[in-house]
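If you want the building blocks of each chain, they are given just below.
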Amino acid sequence: MNVPIYRQALGTGFSRLQPELQEYFSLAPGSGQYGVGEGTFDVVGCRQRWLRPLLRLAGGEEAFFPEYGENIPFRIENHAHQDPFGRSSLTARREIRFPDRTRLFQDTTSATHTGGNTQLVDYVGRYRRLVTDLNLSVTAEGRLRGVSEASRLFMGPLRVPLPAALDAKAYAEQWWDPAEGSNGRHRIQVKVIQPQIGLVLVYAGAFDYRLRPYTGGSSAQSYLPRYAQPDRWENRV
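Residues numbered from 1 in each chain as written. Predicted model: local features only at pLDDT ≥ 70, side-chain atom pairs only at ≥ 80, totals over all residues. Heavy atoms only, no water.

### A look at the side chain of T112
Phase 1: With respect to the helices, strands and loops of the structure, T112 is situated in strand β4 (residues 102-114).
Phase 2: For T112, the contacting residues outside a window of four places in its chain are R87, N117, T118, Q119, V121 and V237. (Helix = DSSP H or I, 4+ residues; strand = E, 2+ residues; numbered from the N terminus. Contact = heavy atoms within 4.5 Å.)

### As for the nonpolar core
Phase 1: Ranked by internal contacts, the top residues of the largest apolar core, which has 40 residues, are Y6, V44 and I96.
Phase 2: For this core, the leading source of residues is strand β11 (residues 198-213), giving five residues.
Phase 3: Contacts of I96, omitting those with residues within four sequence positions, involve F41, V44, F65, I72, P73, F74, R101, T102, R103 and F105. (Core = buried A, V, L, I, M, F, W, Y, C linked by side-chain atoms within 4.5 Å. Buried < 20%, exposed > 50% of the residue type's maximum accessible area, 1.4 Å probe, protein only.)

### Considerations on unusual backbone geometry
Both trends apply: most residues other than glycine have a negative phi, and most peptide bonds are in trans.
Phase 1: Backbone geometry at E62 places phi at a positive 55 degrees, although glycine is not the residue there.
Phase 2: Mapped onto the elements of the fold, E62 is located in the loop between α3 (52-57) and β2 (68-82).
Phase 3: With a phi angle near 50 degrees, A150 is a residue other than glycine that sits in the positive phi range.
Phase 4: Relative to the helices and strands, A150 resides in strand β7 (residues 144-155).

### Some points on the packing of aromatic side chains
Phase 1: One pass over the structure, following the stated rule, counts twelve aromatic pairs.
Phase 2: Between Y24 and F207, the aromatic rings sit 6.1 Å apart at their centres with planes inclined by 65 degrees, giving edge-to-face as the arrangement. Of the two residues, Y24 is situated in helix α2 (residues 19-24) and F207 in strand β11; the sequence distance between them amounts to 183 residues.
Phase 3: According to the relative accessible area criterion, Y24 is buried, its value standing at 8%.
Phase 4: When the centroid spacing of 4.9 Å and the interplanar angle of 80 degrees are considered together, the rings of Y214 and Y223 count as edge-to-face.
Phase 5: In this structure Y223 comes out as partly exposed when scored by relative accessible area, which is 30%.
Phase 6: Aromatic rings pair up to connect Y6, Y24, F25, F41, F74, F105, Y203, F207 and Y209 into one cluster.
Phase 7: Residue placement shows R94 over the ring face of F105; its charged tip is 4.6 Å from the ring centre. (Phe/Tyr/Trp six-rings, centres within 6.5 Å; stacked < 30°, edge-to-face > 60°. Lys NZ or Arg CZ within 6 Å of the ring centre and 35° of its normal.)

### Describing empty space enclosed by the protein
Phase 1: Across all of its chains, the model carries two cavities of 30 Å³ or more by this definition.
Phase 2: There is about 60 Å³ of room inside the largest cavity.
Phase 3: Within the residue set of the lining of the largest cavity, elements represented by two or more residues are α1 (5-10), β2 and β3 (88-97).
Phase 4: Residues that form the lining of the largest cavity fall into these classes: nine nonpolar, two polar and no charged.
Phase 5: Each pocket or cavity is described by its volume, and for the second largest cavity that value is around 50 Å³.
Phase 6: Grouping the amino acids of the lining of the second largest cavity by side-chain chemistry returns six nonpolar, six polar and no charged. (1 Å grid on protein atoms, 1.4 Å probe; cavity = no way out; pocket = protein on both sides within 12 Å on 5 of 7 lines; lining within 4 Å. Points joined across faces, edges and corners; volume = space filled by probe spheres on them. Nonpolar A, V, L, I, M, F, W, Y, C, P; charged D, E, K, R; others polar.)

### Some thoughts on a nonpolar patch on the surface
Phase 1: The grouping of W50, L54, L57 and I197 at the surface amounts to a nonpolar patch, some 460 Å² of accessible area in total.
Phase 2: By the element assignment, I197 lies in the loop between β10 (185-194) and β11.
Phase 3: A relative accessible area of 33% places I197 in the partly exposed class. (Patch = residues over 30% accessible without salt bridge, like charges linked within 9 Å, V, L, I, M, F, W, Y side chains within 5 Å. Areas by Shrake-Rupley, 256 points an atom, 1.4 Å probe, with all protein chains shown as cover. Salt bridge = Lys/Arg side-chain N within 4 Å of Asp/Glu carboxyl O.)

### Observations concerning the environment of D83
Phase 1: On the secondary structure map, D83 appears in the loop between β2 and β3.
Phase 2: C-alpha of D83 to C-alpha of W233: the two residues are 150 residues apart in sequence and 8.3 Å apart in space.
Phase 3: Among the polar contacts made by the side chain of D83, one reaches the main-chain amide nitrogen of F85 at a distance of 2.8 Å.
Phase 4: Separated by 2.7 Å, the side chains of D83 and R87 make a polar contact. (Polar contact = N/O pair within 3.5 Å; in protein donor to acceptor, adjacent residues only side chain to side chain.)

### Section: the pattern of salt bridges
Phase 1: Here the structure, examined in full by the defined rule, presents 19 salt bridges.
Phase 2: For R75, the salt bridge is made with E77, and the minimal N-O distance between the two is 2.7 Å. Like R75, the residue E77 is buried in the burial classification.
Phase 3: In this structure, D107 engages R94 in a salt bridge whose closest nitrogen and oxygen atoms are separated by 3.0 Å. Of this pair, D107 sits in strand β4 while R94 sits in strand β3, placing them 13 residues apart in sequence.
Phase 4: Judged by relative accessible area, which is 14%, R94 ranks as buried.

### Some details on the pairing of strand β9 (residues 169-177)
Phase 1: Bridge count between β7 and β9: five bridges; the pairing is antiparallel. Opposite S148, over in β9, you have A170 as the bridge partner.
Phase 2: One ladder, built from nine bridges, connects β9 with β10; its direction is antiparallel. From the neighbouring strand, W175 faces β10, where its bridge partner is R187. (Pairing = 2+ DSSP bridges.)

Don't take any of this as a statement about function, it's just geometry.
In structure tokens form, the structure reads like this:
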């Protein structure tokens, strides 16, 4: 039986999440289903105009982008699967629909095991070159909090740890808001902060979420639709 990676990482803390969050983070490889979320970001992108030309250079990585907007529609797909190295993983593919273009933002979170503990490692972008450790916690209200720390860049055979002075951390919080909409909605807020620059990227908004069966009913543990696969996989941590 496959255990969802967020349940592995949180252990007994998983049961303290809001029931709607437990359902959201319970997708496991081999279920034959994937998750689809659709909603609106109240704010999304880079607020600092001077930084946007630099982010435009990295736009092809499908991790950062130079646009900024308010009330921007988006779609997210979550796919639970085993990666090519046998690790239980969750791949997220986001479409952020700015007025002039749609930006993709994708990542794969994989479970690694060391000394009996589960650590989630996040591989970001279409080439999975940026890697961070995820530290998770559950708030008193049952919200999920995550902080990405200790980033590394993989440049060919090189593994380059980013020094603390240059590294950017992502602070995320997700929760269920019963007062949102007519029946309640998921809410998420993420801030990426670099100590020398400040706020690099932000997105916050609300969305509806549902599970859908894969076309053809595939329930293979390693199944991931071709359009959701990265251009390159990475197994180094």
